[in-house]
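Below, each chain spelled out in residue letters.
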Amino acid sequence: MKTPQPANPVIEYAREQDLDVDEFIALLQKTTLGERRPVSDRHRMANMLANGSIIFAARCQGELVGVSRALTDYAYCTYLSDLAVAESHQGQGIGRELIRQTHETAGLNTMLILLAAPDAETYYPHIGMTNHHSCWFIPRSL
């Protein structure tokens with residue numbers, strides 16, 4: 001007889017600086033972020049993880065369902081480069097909690113900065129983030 005699963009399984013959060021690259025890629029492919037990351041370039045994805053200052057994972061029954069990857073100086077600014085939650089687990093507060101834990105780890109004295117994916121622009125004001133009118137960048141050459 002199959003054991004019934006709880007209606008809302010517990011989400012466990014942990015800092016995972018050694019997150020497996022294949023698991024990271026698989027999660028990104030379950031989100032719209034996968035369209036904007038070099039998921040077909042495993043070496044580059046591995047470098048992204050290896051050089052992230054803070055990496056948090058959200059897991060549901062051991063399965064990776066969310067991740068945040070940030071770069072920070074722990075004093076003034078924290079750039080949240082990746083925030084991904086599997087589409088099957090969105091709407092449960094996982095993104096909000098990943099942001100909270102990432103910012104807390106970097107230091108609340110840092111300004112948390114991110115560039116929103118086009119489909120996520122309405123999400124960030126909903127969780128209390130402020131839009132900034134000006135962002136300037138030089139696009140990647142590759």
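Up top you'll find the structure we're talking about.
Report follows, based on the coordinates. These numbers come from a predicted model, not from an experiment.

### Description of the overall build of the protein chain
Alright, step 1. Within the protein chain one finds four helices and five strands.
Alright, step 2. The order of α-helices and β-strands along the protein chain, N terminus first, is β-α-α-β-β-β-α-β-α.
Alright, step 3. The C-alpha atoms of the protein chain give 15 Å as radius of gyration, which agrees with the globular expectation for 142 residues (14 Å, within 12%).
Alright, step 4. Along the three orthogonal principal directions, the C-alpha set of the protein chain runs to about 60 × 35 × 25 Å.
Alright, step 5. Scored against the burial criterion, the 142 residues of the protein chain give a buried share of 39%.
Alright, step 6. Pairs at least 24 apart in sequence give 62% of the contacts found in the protein chain among residues at least 6 apart.
Alright, step 7. A distance of 1 Å separates the average location of the 12 positive side-chain charges in the protein chain from that of its 16 negative side-chain charges.

### Some points on the sheet that holds strand E3 (residues 63–72)
Alright, step 1. Across the sheet, five strands lie side by side as E1-E2-E3-E4-E5; this open sheet has mixed pairing. Pairing within the sheet leaves two strands with one partner each, and these edge strands are strand E1 (11–15) and strand E5 (111–113). Taking each pair of neighbouring strands and ignoring which way they run, the sheet shows an average axis angle of 25°.
Alright, step 2. Bridge analysis of strand E4 (residues 77–85) against E5 gives three bridges, and the strand direction is parallel. By the bridge assignment, Tyr 79 is partnered in E5 with Ile 113.
Alright, step 3. Each of strand E2 (54–60), E3 and E4 is contacted by helix H1 (residues 21–28), which is oriented at about 100° to E3, the strand it contacts most.

### With respect to the packing of H1 against helix H2 (residues 42–50)
Alright, step 1. Look at H1 against H2: their axes get within 9 Å of each other, and the N-to-C directions meet at 100°. In terms of orientation, H1 lies roughly perpendicular with respect to H2. Between H1, through Val 21, Asp 22, Phe 24, Ile 25 and Leu 28, and H2, the contact on the second element is made entirely by Arg 42, Met 45, Ala 46 and Leu 49.
Alright, step 2. A breakdown of the residues in the contact of H1 with H2 according to their chemical character gives seven nonpolar, no polar and two charged.

Reading the values: rules and limits
Residues numbered from 1 in each chain as written. Predicted model: local features only at pLDDT ≥ 70, side-chain atom pairs only at ≥ 80, totals over all residues. Heavy atoms only, no water. Helix = DSSP H or I, 4+ residues; strand = E, 2+ residues; numbered from the N terminus. Rg over C-alpha atoms; globule rule 2.2 N^0.38 Å. Buried < 20%, exposed > 50% of the residue type's maximum accessible area, 1.4 Å probe, protein only. Contact = heavy atoms within 4.5 Å. Lys, Arg positive; Asp, Glu negative; His and termini not counted. Charge placed at Lys NZ, Arg CZ, Asp CG, Glu CD. Pairing = 2+ DSSP bridges. Axes fitted to C-alpha atoms, helices over the stretch in contact; angles between N-to-C directions. Parallel < 35°, antiparallel > 145°, perpendicular 65-115°, else oblique. Nonpolar A, V, L, I, M, F, W, Y, C, P; charged D, E, K, R; others polar.

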